[in-house]
Amino acid sequence: MAPISTPKAPFGRVLTAMVTPFTQDGGIDLDGAQALAAHLVDAGNDGLVVNGTTGESPTTSDTEKDQLVRCVVEAVGDRAHVLAGVGTNDTAHSAELARHAERAGAHGLLAVVPYYSKPPQEGLYRHFTAVADATGLPVMLYDIPGRSGVALDTETLVRLGEHPRIVANKDANGDLGAASWALSRSGLAWYSGDDMLNLPLLSVGAVGFVSVVGHLVTAELRAMLEAYTGGDVAKAAEVHQRLLPVYTGMFRAQGVVTTKAALALRGLPAGPVRLPLVELDPAQTDRLRKDLAAGGVHL
């Protein structure tokens, strides 16, 4: 079955930003990555993002990134969109990663706002244009000022939306007003990048999610989206409220750390995290179990 895609939802509607499984000695676990990718697509994901921040991209090498894209495409590329994270705070390096991802078989690119450097809006525009010009692949921008230190202004998003290959934005800005203006004017397909705001962003025009909690509750996310798009807003709100303990619990600690802990408790491939991240301690793990159980996820 071919990956689901429409002009309004070019990468499908429900995507998970996948962790990168590691072996116990810290190496990349390619067999585990294929097994996890298959599990997530079987659960109902239309697509997966690999080599994003949730995939610990700051601590994986370019070679490991290439290997991961290739193995995930091999595992699920015939039935799900595989987007490769290529964003760095070096435009030339990001463009190089984009070219590598295209050769590795990725279906699209995720490009985050360059972090730490705090470039001006013109710098952001030129950066993303250069990444989009590097390949023939469609690009999803990623606006997350809490990590990058600078947000994409509405006018910049409008300009970027004119590029034929910049087709979507992953919104982790946390500003529903700004999202409303930007998605109404830019023509970009809008994806929630903040799980707590999945439903609110649908209400202002988002088409879907790029989720972290999708590792555990893909079916529930899809049920919420389908209820909302089908006109049953009350049911969508019920699902949203039922998932609140999951949203909260998965981000009490760093999201990669909690996700890998939860996957390990479920017996799914995850492995350790790489420094500077560290594993949950026993008290944090117990709290995570309780949070997830309160949201209907029993490990």
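What counts, and where the lines are drawn
- Residues numbered from 1 in each chain as written.
- Predicted model: local features only at pLDDT ≥ 70, side-chain atom pairs only at ≥ 80, totals over all residues.
- Heavy atoms only, no water.
- Helix = DSSP H or I, 4+ residues; strand = E, 2+ residues; numbered from the N terminus.
- Rg over C-alpha atoms; globule rule 2.2 N^0.38 Å.
- Buried < 20%, exposed > 50% of the residue type's maximum accessible area, 1.4 Å probe, protein only.
- Contact = heavy atoms within 4.5 Å.
- Areas by Shrake-Rupley, 256 points an atom, 1.4 Å probe, with all protein chains shown as cover.
- Lys, Arg positive; Asp, Glu negative; His and termini not counted.
- Charge placed at Lys NZ, Arg CZ, Asp CG, Glu CD.
- Phe/Tyr/Trp six-rings, centres within 6.5 Å; stacked < 30°, edge-to-face > 60°.
- Lys NZ or Arg CZ within 6 Å of the ring centre and 35° of its normal.
- Salt bridge = Lys/Arg side-chain N within 4 Å of Asp/Glu carboxyl O.
- Pairing = 2+ DSSP bridges.
- Axes fitted to C-alpha atoms, helices over the stretch in contact; angles between N-to-C directions.
- Core = buried A, V, L, I, M, F, W, Y, C linked by side-chain atoms within 4.5 Å.

When helices and strands are tallied, the chain shows 12 helices and eight strands. A compact globule built from 299 residues should have a C-alpha radius of gyration of about 19 Å, and the chain, at 18 Å, falls within 12% of that. Principal axes of the C-alpha set define a box for the chain whose edges measure 45 × 45 × 40 Å. Across the 299 residues of the chain, 53% fall into the buried class. Within the chain, contacts between residues separated by at least 24 positions form 70% of all contacts whose residues are at least 6 apart in sequence. Approximately 12,000 Å² of the chain is accessible, and the part contributed by carbon and sulfur atoms is 53%. Placing the 24 positive and 32 negative side-chain charges of the chain at their respective mean positions leaves the two points 2 Å apart.

So, about the packing of aromatic side chains. Taken as a whole and assessed by the stated rule, the structure comprises one aromatic pair. Relative to Y191, the ring of F11 has its centre 6.5 Å away and its plane inclined at 45°; by these criteria the two rings are tilted. Within this pair, whereas F11 is found in the segment before β1 (14-17), its partner Y191 is found in strand β7 (residues 189-192), the two being separated by 180 residues in sequence. It is R274 that lies over the ring of F22; its NZ or CZ is 4.1 Å from the centre.

Another point: unusual backbone geometry. With an omega of 15°, the peptide bond between L275 and P276 qualifies as cis. Within the secondary structure layout, P276 lies in the loop between α11 (255-265) and α12 (282-294). The phi angle at N51 is positive, at roughly 65°, despite the residue not being glycine. Checked against the element boundaries, N51 lands in the loop between β2 (47-50) and α2 (62-76). Of note in this structure, Y116 is not a glycine but carries a positive phi near 70°. Note on placement: Y116 falls in the loop between β4 (108-112) and α4 (121-133). Using a relative accessible area of 75% as the deciding quantity, one classes Y116 as exposed.

So, about the pattern of salt bridges. Considering all chains together, one arrives at 13 salt bridges under this definition. Across the salt bridge formed by D66 and R70, the nearest N and O atoms sit 2.8 Å from each other. Here D66 and its partner R70 are both found in helix α2, four residues apart, which amounts to about one turn of the helix. Judged by its relative accessible area of 22%, D66 is partly exposed. With relative accessibility at 42%, the residue R70 sits in the partly exposed group.

Around the barrel, which closes on itself, the eight strands sit in the order β1-β2-β3-β4-β5-β6-β7-β8 with parallel pairing between neighbours. Neighbour to neighbour, the strand axes of the sheet diverge by 25° on average, direction disregarded. For β4 and strand β5 (residues 139-143), the ladder comprises four bridges, and the chain directions are parallel. Opposite V112, over in β5, you have Y142 as the bridge partner. Each of β2 and β3 (81-85) is contacted by α2, which is oriented at about 165° to β2, the strand it contacts most.

In this section: the nonpolar core. Ranked by internal contacts, the top residues of the largest apolar core, which has 82 residues, are M18, V72, V86, F128, L141 and W190. Excluding residues that lie within four positions of it along the chain, V72 makes contacts with M18, A33, A37, L48, V50, G77 and V82. Residues F11, Y191, V207 and V210 belong to the second largest nonpolar core, which totals 17 residues.

A few words now on the environment of L280. Inspection of the secondary structure assignment puts L280 in the loop between α11 and α12. Residue classification places L280 among the buried positions, given a relative accessible area of 15%. It is 9.4 Å that separates the C-alpha atoms of L280 and K260, two residues lying 20 residues apart in sequence. If near-sequence neighbours (up to four positions away) are discounted, L280 is found in contact with A253, V257, T258, A261, T285 and L288.

With respect to the helices and strands, G231 occurs in the loop between α9 (214-229) and α10 (233-249). C-alpha of G231 to C-alpha of Y247: the two residues are 16 residues apart in sequence and 24 Å apart in space.

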